[in-house]
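If you want the building blocks of each chain, they are given just below.
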2 protein chains.
Amino acid sequence: MAFNFFNLRKLSTKAALFKNVQLTKDRFSYLKRGSYGTVDFTDVEYFKNLLGVNNFITGEEVKSYNEDWLKSISGFSKYVLKPKTTEQVSKILKYCYKRNIAVCVQGGNTGLVGGSVPVFDEVILSTSAMNSIISFNKLSGVLVCQAGCVLENLMNYVQSEGFVMPFDLGAKGTCQIGGNLATNAGGLRLIKYGSLQGSVLGLQAVLADGQILDCLNTLKKDNTGYHLKHLFIGSEGTLGVITKIAIQCPNTPKFVNVSFIGLESFDKVLSFFSLVRKEFSASLSSFELMDSVAIKSVQKNIGIKCPINGDLKFYVLVELSADNNYISHSIQNCLEKALDEEIILDATVADQPSLIQNLWKIRENIPESLLRYGYVYKYDITLPHELFYDIVPEIRKRLEKLDVKAVCGYGHLGDGNLHLNVATLEHNVEIASAIEPYVYEWTSKCKGSVSAEHGIGFLKSKYLKYSKTNLEIDLMKKLKNTIDPKNILNPYKIFPQDDN
Amino acid sequence: MAFNFFNLRKLSTKAALFKNVQLTKDRFSYLKRGSYGTVDFTDVEYFKNLLGVNNFITGEEVKSYNEDWLKSISGFSKYVLKPKTTEQVSKILKYCYKRNIAVCVQGGNTGLVGGSVPVFDEVILSTSAMNSIISFNKLSGVLVCQAGCVLENLMNYVQSEGFVMPFDLGAKGTCQIGGNLATNAGGLRLIKYGSLQGSVLGLQAVLADGQILDCLNTLKKDNTGYHLKHLFIGSEGTLGVITKIAIQCPNTPKFVNVSFIGLESFDKVLSFFSLVRKEFSASLSSFELMDSVAIKSVQKNIGIKCPINGDLKFYVLVELSADNNYISHSIQNCLEKALDEEIILDATVADQPSLIQNLWKIRENIPESLLRYGYVYKYDITLPHELFYDIVPEIRKRLEKLDVKAVCGYGHLGDGNLHLNVATLEHNVEIASAIEPYVYEWTSKCKGSVSAEHGIGFLKSKYLKYSKTNLEIDLMKKLKNTIDPKNILNPYKIFPQDDN
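Nothing here was measured: the structure is a model prediction, and the numbers come from that model.

Q: Explain the overall build of chain A to me, please; I cannot follow it from the model alone.
A: The number of helices and strands found in chain A is 18 helices and 16 strands. Over its C-alpha trace chain A gives a radius of gyration of 23 Å, about what one expects of a compact globule, namely 23 Å for 500 residues. Projected onto its principal axes, the C-alpha coordinates of chain A cover approximately 75 × 60 × 40 Å. Buried residues in chain A amount to 63% of all 500 residues. Long-range contacts, defined as pairs at least 24 residues apart, comprise 75% of the intrachain contacts of chain A with a sequence gap of at least 6. Taken as a whole, chain A presents about 18400 Å² of accessible surface, with 50% of it coming from carbon and sulfur. When the 55 positive and 51 negative side-chain charges of chain A are each reduced to one mean point, those points stand 4 Å apart.

Q: Where do I start with the relation of the copies chain B and chain A in this structure?
A: Each of the two chain copies goes to the other by way of a rotation about an axis and a shift along it. Of the transformation placing chain B onto chain A, the axial shift is 0.0 Å and the rotation is 180°, giving an RMSD of 0.0 Å. What we have between these two chains is a two-fold relation. Across chain B, the rotation axis passes nearest the C-alpha of B:G198, at a separation of 2.1 Å.

Q: Looking at this structure, how should I read the sheet that holds strand 13 (residues 346–350) of chain A?
A: All names here are of chain A. Taken in spatial order, the seven strands of this open sheet run 13-10-12-11-15-16-14, and their pairing is antiparallel. Each edge of the open sheet carries a strand with a single partner, namely strand 13 and strand 14 (375–382). Along the sheet, successive strands turn relative to each other by an average axial angle of 15°, direction set aside. Seen against the sheet, helix 11 (residues 292–302) touches strand 10 (255–263), strand 11 (284–291), strand 12 (314–322) and strand 15 (404–412) and runs at an angle of roughly 85° to strand 11.

Q: Just to check I follow, could you spell out the pairing of strand 9 (residues 241–248) of chain B for this structure?
A: Residues in a regular strand point their side chains to alternate faces of the sheet. Residue and element names in this part refer to chain B. Taking burial as the measure, the eight residues of strand 9 include seven buried ones, the bulk of the element. The pairing of strand 6 (residues 142–146) with strand 9 spans five bridges and is classified as antiparallel. Among the inter-strand pairings, V142 is bridged to a residue of strand 9, identified as Q248. Where strand 7 (residues 200–206) lies against strand 9, six bridges are found, and the strand directions are antiparallel. Looking at the pairing, G202 lines up with A246 of strand 9.

Q: Just checking my understanding: could you explain the pattern of salt bridges for this structure?
A: Opposite charge on two side chains permits pairing when their charged atoms draw close. Taken as a whole and judged by the stated rule, the model has 29 salt bridges over all chains. A:E279 is the salt-bridge partner of B:K254, the closest N and O atoms lying 2.9 Å from each other. Taken as a pair, B:K254 in the loop between strand 9 and strand 10 (255–263) and A:E279 in helix 10 (residues 266–279) lie in two separate chains rather than in one. With its nearest N and O atoms 3.4 Å apart, the salt bridge here joins B:E161 to B:K138. One end of the pair, B:E161, is in the loop between helix 5 (151–159) and helix 6 (177–182); the other, B:K138, is in the loop between strand 5 (133–137) and strand 6, and 23 residues separate them in sequence. Of the residues examined, B:K138 reaches a relative accessible area of 54% and is grouped as exposed. Through salt bridges with shared partners, a single network forms among A:K220, A:K221, B:D415 and B:E453.

Q: Explain the interface of chain B and chain A to me, please; I cannot follow it from the model alone.
A: Many descriptions give the size of an interface as the accessible area lost when the pieces come together. Across the boundary between the two partners, chain B contributes 93 residues, which contact 93 residues of chain A. Across the chain B/chain A interface, buried area totals approximately 7300 Å², and carbon plus sulfur atoms make up 55% of it. A per-residue breakdown of the area chain B buries against chain A is headed by B:L139, B:K221 and B:Y226, which together make up 14% of the total. Taken together, the links from chain B to chain A amount to nine salt bridges. A salt bridge links A:E453 to B:K221; the shortest N-O distance between them is 2.7 Å. Taken together, the links from chain B to chain A amount to 44 residue pairs in polar contact (both at pLDDT 80 or more). Secondary structure elements with two or more residues in the side of chain B that touches chain A: helix 7 (190–193), helix 8 (196–199), strand 8 (212–215), helix 9 (229–232), helix 10 (266–279), helix 12 (326–340) and helix 18 (470–483) of chain B. Here the side of chain B that touches chain A takes nine residues from helix 18 of chain B, the largest share from any one element.

Q: I'm lost on the sheet that holds strand 11 (residues 284–291) of chain B in this one. Help?
A: Sheet strands pair by backbone hydrogen bonding; their relative direction is either parallel or antiparallel. All names here are of chain B. Read across the open sheet, the seven strands follow the order 13-10-12-11-15-16-14; overall the sheet is antiparallel. Both edges of this open sheet fall to strand 13 (346–350) and strand 14 (375–382), since each of them pairs with a single strand only. On average, each strand axis in the sheet is tilted by 15° relative to the strand beside it, whichever way the strands run. As paired elements, strand 11 and strand 12 (residues 314–322) share seven bridges and run antiparallel to each other. Its bridge partner being in strand 12, F287 is matched across the sheet by V318. The strands touched by helix 12 are strand 10, strand 12 and strand 13; relative to strand 10, the strand with the most contacts, the crossing angle is about 10°.

Q: Hey, could you run me through the side chain of B:T86 in this one?
A: All names here are of chain B. Mapped onto the secondary structure, T86 falls in helix 4 (residues 86–99). Residue T86 is classed as buried on the basis of its relative accessible area of 1%. Looking at T86, its side chain comes within polar contact range of the side chain of Q204, at 2.7 Å. Look past the residues within four positions of T86 in its chain and what remains in contact with it is M130, Q204, V206, I212, T243 and K244.

Calculation notes
- Residues numbered from 1 in each chain as written.
- Chains lettered and ligands numbered in written order.
- Predicted model: local features only at pLDDT ≥ 70, side-chain atom pairs only at ≥ 80, totals over all residues.
- Heavy atoms only, no water.
- Helix = DSSP H or I, 4+ residues; strand = E, 2+ residues; numbered from the N terminus.
- Rg over C-alpha atoms; globule rule 2.2 N^0.38 Å.
- Buried < 20%, exposed > 50% of the residue type's maximum accessible area, 1.4 Å probe, protein only.
- Contact = heavy atoms within 4.5 Å.
- Areas by Shrake-Rupley, 256 points an atom, 1.4 Å probe, with all protein chains shown as cover.
- Lys, Arg positive; Asp, Glu negative; His and termini not counted.
- Charge placed at Lys NZ, Arg CZ, Asp CG, Glu CD.
- Least-squares fit on C-alpha atoms with pLDDT ≥ 70 in both.
- Pairing = 2+ DSSP bridges.
- Axes fitted to C-alpha atoms, helices over the stretch in contact; angles between N-to-C directions.
- Salt bridge = Lys/Arg side-chain N within 4 Å of Asp/Glu carboxyl O.
- Buried area = accessible area lost by both parts, 1.4 Å probe.
- Polar contact = N/O pair within 3.5 Å; in protein donor to acceptor, adjacent residues only side chain to side chain.

What follows is the structure, encoded as structure tokens:
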């Protein structure tokens, strides 16, 4: 497989654990706990009876559920509930709603914005035990499953039937599909298969008061009334607990090839992108950008050699997938033409799995290589193509007198999604304040998005205003209040807390 | 172009005008006008001053805005407002909200469920004068335009830049993109480009109270808070007036070919579908089914000859589009294999535009050919593939003792969308009641959708319950009440009126 970010995320976590020490609960001392009920002995008995002792977690084991993936924040919950069925979720929420107990919904807990861990003592409702595949239709490619299924397990399952999941993530070995929907996960296949908003056909969700909303449509077309499923996709568990999912899986592509290309300027990158989009509109499945700093970091810190001239300013990885292997021939022609016209300076093409894997490794290892410097400030933003790279030299300039190891830009150029990374020896307040909120203001001025794929969660709620108008935020609050009037589901998330 | 349903819809309208006589305002005598304000002299002056006399329509000219495309229902509005800008829409709604004047939002008025015409005297807000293309980004393929742009004009515009619109409809010569979004239009390219929910990147909408909600995102990825645009896509003008749209356009496919195939049973159709999906997962752009009754109707009533053996039970049209012409070779191989294995019985392939057009004409002329019998009962439903055709013989059986000219099934098998048509000499109450609500009950039992792509509008509101649960309808009503508390936008639509 060309896509294998799985181990990478695990490595990054260890590095972050070691270095990412600045984030403690003290940072959030301005926050006040909502006036929710506290779980008492009677409540514990109710939950235990409902779920059985094995699916009611308390004591030391709760710790890992309280901490986010990067161990950057931690809540103080004492209880984890692991329902196995929608009916159990319904009973839990009905009970909590009546008792006014706040609930933190948690899938694989792989999010990067603190959306899946409690902030205070919210009861954690983990979907981990809801991990059954309900059905797979080989004709339509529609998979129906419970929310707690791990993405990689679903990938393996549908692969054995000749299909692929329509999205792929670095955290696939741990993340759960319910959480993927709740955060509207993007990832590596978006340019080909589109967003989850297009792929998800239906879902079942339990509302705050325990009512089961069944929108588990398995049809491609259904225009009967409001499309309620979209309320839940990307609402980060604040409007309901997603319990079941129906998703459209595409057939496995028959042929894949990957090219690795060097270019001398970002203008040429855009020219080349335009050319590739035109020539391979039906086959393009990835168009990833890496700048020279990123490539040098991988060469120096990981020891992976650049397969072409390693001294160029920009590199691009192009993946094509198609029904026939004629694409190998077509991409050769396209690259020769681009070389002749001096759009690109160097290139190599692979169509064998092991060679493809090697080319992907360079792109995959960028985050890890940067972490080897010590600490990394990470920004996941969407920008218009024309302005995509401008922020990188801009930030370099702002930081030139500070002790910075690397400022680099890479990411899903095809989707306009830039990963701006600043590597330093360790976390430093002066460097942080030279970047933030500047990078968000800049993104906002370009009409970009301050969170391309990670969501808002807890950590980015104060930056929501940079990508959303007051009226949008007001309407979001109205919806929240209509659907969860007691605000028991994932409180303190998405909406800025300081103005509440 | 292979897709050209435009003239067809015009022909059908004339035929419907002639025969479709049963639908009068008397049918809706149970309805009560809401307690809205009535437009008075002061209001008229306000609207005239705001819009200018040319964009404030009254008198005889209003008639065509009161009647739906099929002339099946008609409202009694006296005034049509044609704002040119979002700001004018905002002022109109702010005024109407204050005065409690009901508003019917109208795009191209090509809907088939009476959603775009007034029911009583609602003021008609037509988006026709909001027809500017705002921008097109050749790099990203993102088109931004006003809501009143006619789909075909947008198609021509982006085509000249090497792109296509991600959807296509029979009514493209008249329908407007704002209406397409409001009704979540499906159409002929869905199997390839997905639904509008995936293609639409952003929109601007004016809320009932006149506030302008700007979600006009032009980025592929933006995970900052709830995805509000989805509230408006498919809500049929009941939650806000869509004024601007940002939509992702794919590049024009470089090569297209079309095959026309004959088969002996529906089981073989499904086997063939499975084969084609597997072989051409990246190239498949249409998979259309036609039964023998449909083909015979086209042959007999329109005089188009079937290009292969015309006496088979089922026919399929397969369109492929790809980056290279190797697909012509691949489909030949695939068809030969399917012939050898007796999955299919006969086939022809075309890759020249005029020949492609000829094959499409057979599929395109089915609706018109059926109308030549006199009257047609039309059902647009989605069904699971396994049950896709079962309803057709079932309905034939129910109607065998009645005076019916043809019962046939055709449509977008690739998307599970069946057009079930019953042709008779004229409208007949006995025949109608033998089909309805039976067909909806049947669809509901199969977990199908009673409206695959046409929406609910006014005419189908009483059937909403067949595809939506009580809780879904309740939540829809709550959303409506939250966003348009005075219910001034498109009243009497979507929600069943008898229980209000």
